[in-house]
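Fold and contact review
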Amino acid sequence: MKDLATIKKEFLAGQIKHQHLEMRIFQDVYGSDPTKVKAACAEAAQIRCEAIEERTGVSLELIKKSQVDNGNLVRGEAITPGIEMKVGAALIPMGIAGPLKINGEYANGEIYIPLATNEAALIGGVQRGIKAINLAGGVKTMVYYDGMTRAPLIEAPDIYEAGKLCNRLRSDRELITELNSCVKDPFVRLEYIDPYQLGTKVFLRMNFKTGDAMGMNGVTKASADITKYLLSKLEKWELITISSNLCTDKKNAHINVVENRGKGVETEIFIPEEVLVKVFKKGVTSKNVEKVVFHKCYLGACLSGTVSGFNVNAANSIAAFFAATGQDLAQVVTSSSCFVQAEAKEGGLHFMVSLPCLEVATIGGGTMFGTAREALKLIGCDEYGSNIDDNKSVLRLAEIAAATVTALDLNTACSQAAAYEMAESHVRLARGEKD
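Predicted model only: the values in this text are computed from it and were never measured.

It is worth spelling out the overall build of the chain at this point. A tally of helices and strands in the chain yields 16 helices and 13 strands. Seen through its principal axes, the chain has C-alpha atoms that stretch 75 × 65 × 40 Å. Expressed as a percentage of its 435 residues, the buried residues of the chain come to 49%. Put simply, 70% of the contacts in the chain that link residues at least 6 apart link residues at least 24 apart.

Here you go:
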C-alpha cells in the first residue's frame, strides 16, 4: 500500500500516466475497495490540478475545490472517471423559471424550467414569455420524429456496384433486418439506411432508435459493426471513414432539418391581443410581432446566409437548458436549428416553433450525475424505460426543451416589437443602469 504523497511524487516524475492515475490511487492507496471510487477520482483530480499549479505558478483553487462525482467502477475492476485528465469542475449560475404550463403529449401540466447561464436577462426573458403563455392557457407540444444517425462512408470498385448497393438498401427490407442482427446493444435498433452516391463513394446515413439515450456512442458502435459485416459481403469495397459528416453530428447542416436527427418537435400557441397588451410593453400587437419575426428571422436571416437559424435566439435557451440538464453541449449547434412563425390572426397572435433536430437524453453522459440529475428529477425526466420503445422520459424532455425555446423566442420577438425595449432591458438587468 502507498500514500497519496508517494502517488503524487510518482505522477510528477512521469511514472504514472494521466489516464492511469485514478486506478493507481484506487488500487495502491485503497486496495481496490469499491466504496472508495469517489475518493480516488476526487484525489486524482486534485493531484493533477496541484501539478499544473506548481508548473505554471497559477492558483486554481476554485477549480480544484469544485468537484463533480461522475466516476464509475465498471465490472468491479476498472474506473471510468467520466472525462479524461479531470482537475475539478466549472461552475455556471443556475436559475429556475416557471412554472410553465405545457399541454403536450408527454409533458403535461405546470413545470419549472432549470436554466444554467452567465447571461443576465435570459431567465427574465424566459419568465416573461412564460407569463404570456400561461395567461393564454399553455403551449401545445408534439414530438413527431425520434431517431439518431451515423453515416459511414465506403467505396465501391466502380460506379455500377455503388449504384447497385444504393438501390438494394432502398428497397430490400430483409437486408436491413439482416444488418440489424449485427447490433449487439439492446437499446440500439437500426430502422433504415439512406444511401447517397457520389461516384464510387457511398454514404450510408444509418438511422437508429436509441431509447432514452441520445445514442451517439451506441450508434457509432452499431454503425461500425454493420459496416464491417456489409464489407465482408462486398468484394473489393473499402471503408473510408466510420463517420462521413453526413450524419450530421455537431455541425450546422440542413440535412438534419429536412431528414431530422435526435427529436423533431413542434410547439404552438395562440396569444390573445389582450395578453400581449398586459404582459409586454406599449406598442406590442400581433401585427407588429408578425412583422418583426418575418423581417428578422427570414428576410434578415436569408440576406446573412443563415442555414437553419430562422429564429430569434433559440440557441440561448437551448444552451442554458442543456447546461442545466447535463446534455452534450457541442450539440447546441445542431439542436438550435429552429424555425419560428408568428402570424397575426383575428383576436391575437398565432406563434409556432419547429425544432427538427433536437438532440437530448435522460440517460448517459452528463445526465447521470450531480446537479444535472437533480434538474432532470425536478422536471420529471430522471427515469428511463426498460426497452428501446419505452422512452417517454426523453420525449417529455424534448417537449419541455421546445416549450422553453418558445417562451424565450416569444418574449424576445415581442420585446423587439416594442422598439428599443430589448436593448433597454439588457442594460437594466445586466448592468443595473436605468433605461
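Here the focus is helix α6 (residues 159–171). With 13 residues, α6 extends 19 Å between its outermost C-alpha atoms, agreeing within 8% with the 18 Å of an ideal straight helix rising 1.5 Å per residue. On the buried face of α6, the contacting elements are β6 (153–155), α7 (173–180), β7 (189–198), β8 (201–209) and α8 (216–233).

In terms of residue burial, strand β10 (residues 262–272) counts as a mostly covered element, since eight of its eleven residues are buried. For β10 and strand β13 (residues 348–358), the ladder comprises nine bridges, and the chain directions are antiparallel. Bridging across to β13, I269 finds its partner in F351.

Quick look at helix α5 (residues 122–135) now. Look at α5: 20 Å from first C-alpha to last across 14 residues, which is about the 20 Å you get at 1.5 Å a residue. Among the residues of α5, L122, G125, V126, R128, G129, I130, A132 and I133 are the ones counted as buried. Positive backbone phi, approximately 100°, marks G137, located one or two places after α5.

With that settled, the discussion passes to the layout of surface pockets. By volume, the largest pocket is sized at about 1600 Å³. Lining the largest pocket are 50 residues, with G326, G364, G365, G366 and T367 sitting closest to its centre. Of all the secondary-structure elements, those providing two or more residues to the lining of the largest pocket are α8, α12 (314–325) and α14 (370–378).

Cut-offs and rules
- Residue numbering note: each chain is counted from 1, following its sequence as written.
- Since the coordinates come from a predicted model, pLDDT governs what is reported: local features require at least 70, and pairs of side-chain atoms require 80 or more to be given and counted, while whole-chain, interface and lining totals use all residues.
- To get the side-chain values, all heavy atoms of the structure are used, and hydrogens and water are removed first.
- Counting from the N terminus, the helices are DSSP H or I runs at least four residues long and the strands are E runs at least two residues long.
- Working definition: with a 1.4 Å probe on protein chains only, accessible area under 20% of the residue-type maximum means buried, over 50% means exposed, and in between means partly exposed.
- Only heavy atoms enter the contact rule, under which two residues are in contact if any of them lie within 4.5 Å.
- Multiplying 1.5 Å by the helix residue count minus one yields the expected span of that helix.
- Following DSSP output, two strands are said to pair if at least two bridges run between them.
- Here a cavity denotes a set of grid points, spaced 1 Å apart and computed over the protein atoms alone, in which a 1.4 Å probe fits but from which it cannot get out, and a pocket denotes an open set meeting protein on both sides within 12 Å along at least five of seven lines; residues with an atom within 4 Å of a point are reported as lining.
- Grid points are joined across faces, edges and corners, and a volume is the space filled by probe spheres set on the points.

Nothing here speaks to function; it is geometry throughout.
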